[in-house]
Amino acid sequence: MNKHVSALQNSFTKKPDNTPNNNDRFEIGPSQLAFDEWEALGVQSPDMEALREYRLGRVREQLRKRDYAGALLFDPLNLRYATDSTNMQLWITHNAARCCFIATEGPVVMFDFHNCQHLSSHLPLITEIRDMSGFFYFTGGQRCEEHADSFAGQIDDLLREHGGGNKRLAMDRMEIVGLRAFDRKGIEVMSDGMAMMETAREIKNENEMNAMRCAVVACEASLKEFENAIVPGISENELWAHLHFGNIKRGGDWIETRILSSGARTNPWMAECGPRIIQEGDMVALDTDLIGVYGYCVDISRCWVAGDKTGTAEQRELFRVAYEHIMEDMEVLKPGLTFREMTFGGNQLAQKYRDLQYGVKYHGIGLCDEYPAIYYPEAWESHGYDGVLVPGMCLCVEAYIGEVGGKEGVKLEEQVLITDTGYELLTHFHHDEKLAG
C-alpha cells in the first residue's frame with residue numbers, strides 16, 4: 001500500500017467520482033464543466049477507487065488462470081487499466097520510459113520517468129515507485145545493454161521474492177535489448193501478455209460502464225460544438241480543432257486519429273483532415289476516435305451537409321444505406337452470438353459498395369479500440385477468428401458506404417454494451433436532418 005497517500009487524500013472532500021476535491025492535486029480527471037453536464041443529464045459518475053480495484057483484480061484473475069508469477073506492462077493503456085497511473089501517455093507510446101511490475105500475489109511496483117513519483121502518489125494500489133533506467137536508444141545510447149541488465153536484475157529479484165519459484169512473466173511489449181537481458185536472467189517471458197491484458201479489459205462491470213457513459217456524454221457535448229462550427233468557408237483542420245478543444249476542456253485525453261474529410265475527400269474513406277476549405281453542400285464526415293474522460297474511448301461516426309442546402313438525392317441514398325446497415329447489424333447483437341455469426345449475419349452490402357467497405361463490421365472498445373475485430377465475409381478466410389459475445393463486452397458497429405469513382409461517401413458508427421438480454425445503445429448523438437430527413 002502506498003502509505004503516504006491516505007492521510008492527505010482523506011483530508012479533502014470528495015468529488016462525485018470519489019476522488020479528492022483538491023484544486024492543487026496532481027491527479028488528472030474531469031473538469032467541473034464535465035461534472036456539471038453529467039449532473040444536468042442525470043449521468044452517474046464512476047467510483048474511481050472501486051474502479052481501480054476492479055481493474056487490477058481483473059488483471060490478477062488472468063494471471064492466476066495462466067499460472068504466471070506476475071506481469072510487466074509497458075503499453076500506456078495497459079498501465080492505465082491496471083493502475084490508473086498516467087504520465088505523458090502519447091510520448092510513452094514511442095519511448096519506453098515507464099512500466100509496471102504486478103505480482104500475482106504481492107506488490108505493484110511502478111518504474112517511472114525520472115522524478116515523476118509524485119504523479120502516482122495518489123494511487124494506494126501502487127506499492128512502490130522507482131525511477132526507470134531507460135534502455136531505449138534516445139536515453140540509453142551506447143549503454144542500453146547495461147541499463148537493460150540492471151532492470152532485468154530488479155525484475156528477477158521481484159520474481160524471486162514474490163513468485164514462489166515461478167518465473168513465468170506476462171509481458172505486453174519491450175525493447176529487444178531488454179528481452180535479451182531477461183533471457184540471460186532465466187526469466188520466462190510469456191508471449192501472450194497482450195492477449196492476457198485484452199482479455200482482462202474485455203468485460204466491464206457497471207461501475208466501469210459509468211465511466212464510459214460519462215466519456216460518451218462529454219464526447220457528444222464536444223461533438224455538438226464541432227457541429228455548430230460546420231459552416232462553408234472553414235477548413236477541415238480548423239473544424240477538427242473544435243472537437244479536440246471540447247475534449248480537452250472537459251478533461252479528456254487525446255484523439256487517436258484525425259479522420260475528418262469533406263466533399264470529394266470523403267471517397268474513398270480514411271483521409272485525415274487537411275487544409276481543404278469546406279464548400280456549400282459538401283458532405284462532411286467524421287470518425288471521433290476520441291480518448292475522453294477517465295481515458296475511455298468514444299468512437300462515433302457522423303456525417304453532415306455543410307450550409308443550408310438539403311442533401312442531394314445521392315447523399316441521402318448513401319446515408320440511408322449506411323444507416324440501415326448499422327441498424328440491422330446492431331439488432332442481431334445478444335449474448336451467445338458467435339463472431340462467425342456476426343461476420344456472415346446482419347446486413348449484406350450491395351455489391352457496388354463492397355470494394356470500398358470499411359475494414360471491420362464491429363470492433364471491441366474500452367480504453368481504445370480493443371478485441372475483437374469482426375470482419376466482413378470476404379475477409380473471413382484471411383483474417384477472421386471465432387469467439388462469442390458475453391455480457392459486459394462493449395462494441396462499435398460501423399459502416400462506410402461509397403462507390404468506386406463515386407463523388408462522396410458516408411461513414412456512420414455507434415457504440416453499444418452487450419447486456420444479459422441483448423444490447424444497450426450508448427451513443428445518442430443525432431443525425432443531420434439534411435441527410436436523415
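Please read these numbers as outputs of a predicted model, since none were measured by experiment. (Residues numbered from 1 in each chain as written. Predicted model: local features only at pLDDT ≥ 70, side-chain atom pairs only at ≥ 80, totals over all residues. Heavy atoms only, no water.)

Caption draft 1: Examining the overall build of the protein chain more closely. Helix and strand counts for the protein chain come out as 15 helices and 17 strands. In terms of overall dimensions, the protein chain is globule-like: its C-alpha atoms have a radius of gyration of 23 Å, near the 22 Å expected for 437 residues. The dimensions of the protein chain, computed from C-alpha atoms along their principal axes, are 70 × 50 × 50 Å. Sequence-distant contacts, at least 24 apart, represent 66% of the contacts inside the protein chain between residues at least 6 apart. Split by element, the accessible area of the protein chain, about 18,000 Å² in all, is 52% carbon and sulfur. Across the protein chain, the centroid of the 43 positively charged side chains sits 2 Å from that of the 68 negatively charged ones. (Helix = DSSP H or I, 4+ residues; strand = E, 2+ residues; numbered from the N terminus. Rg over C-alpha atoms; globule rule 2.2 N^0.38 Å. Contact = heavy atoms within 4.5 Å. Areas by Shrake-Rupley, 256 points an atom, 1.4 Å probe, with all protein chains shown as cover. Lys, Arg positive; Asp, Glu negative; His and termini not counted. Charge placed at Lys NZ, Arg CZ, Asp CG, Glu CD.)

Caption draft 2: Representation of the pairing of strand β3 (residues 108–112) within the structure. When you tally the buried positions in β3, you get 5 out of 5 residues, the bulk of the element. Neither face of β3 is exposed, since Val 108, Met 110 and Asp 112 on one face and Val 109 and Phe 111 on the opposite face are all buried. As judged from the 4 bridges shared by strand β2 (residues 99–103) and β3, these two strands associate in the antiparallel manner. Opposite Phe 101, over in β3, you have Val 109 as the bridge partner. Count of turn residues in the β2/β3 antiparallel hairpin: 4 residues, of which Gly 106 carries a positive phi of about 160°. In this sheet, strand β4 (residues 128–131) lies alongside β3 in parallel orientation, the contact comprising 4 bridges. Opposite Asp 112, over in β4, you have Asp 131 as the bridge partner. (Buried < 20%, exposed > 50% of the residue type's maximum accessible area, 1.4 Å probe, protein only. Pairing = 2+ DSSP bridges.)

Distances and angles like these do not, on their own, reveal function.
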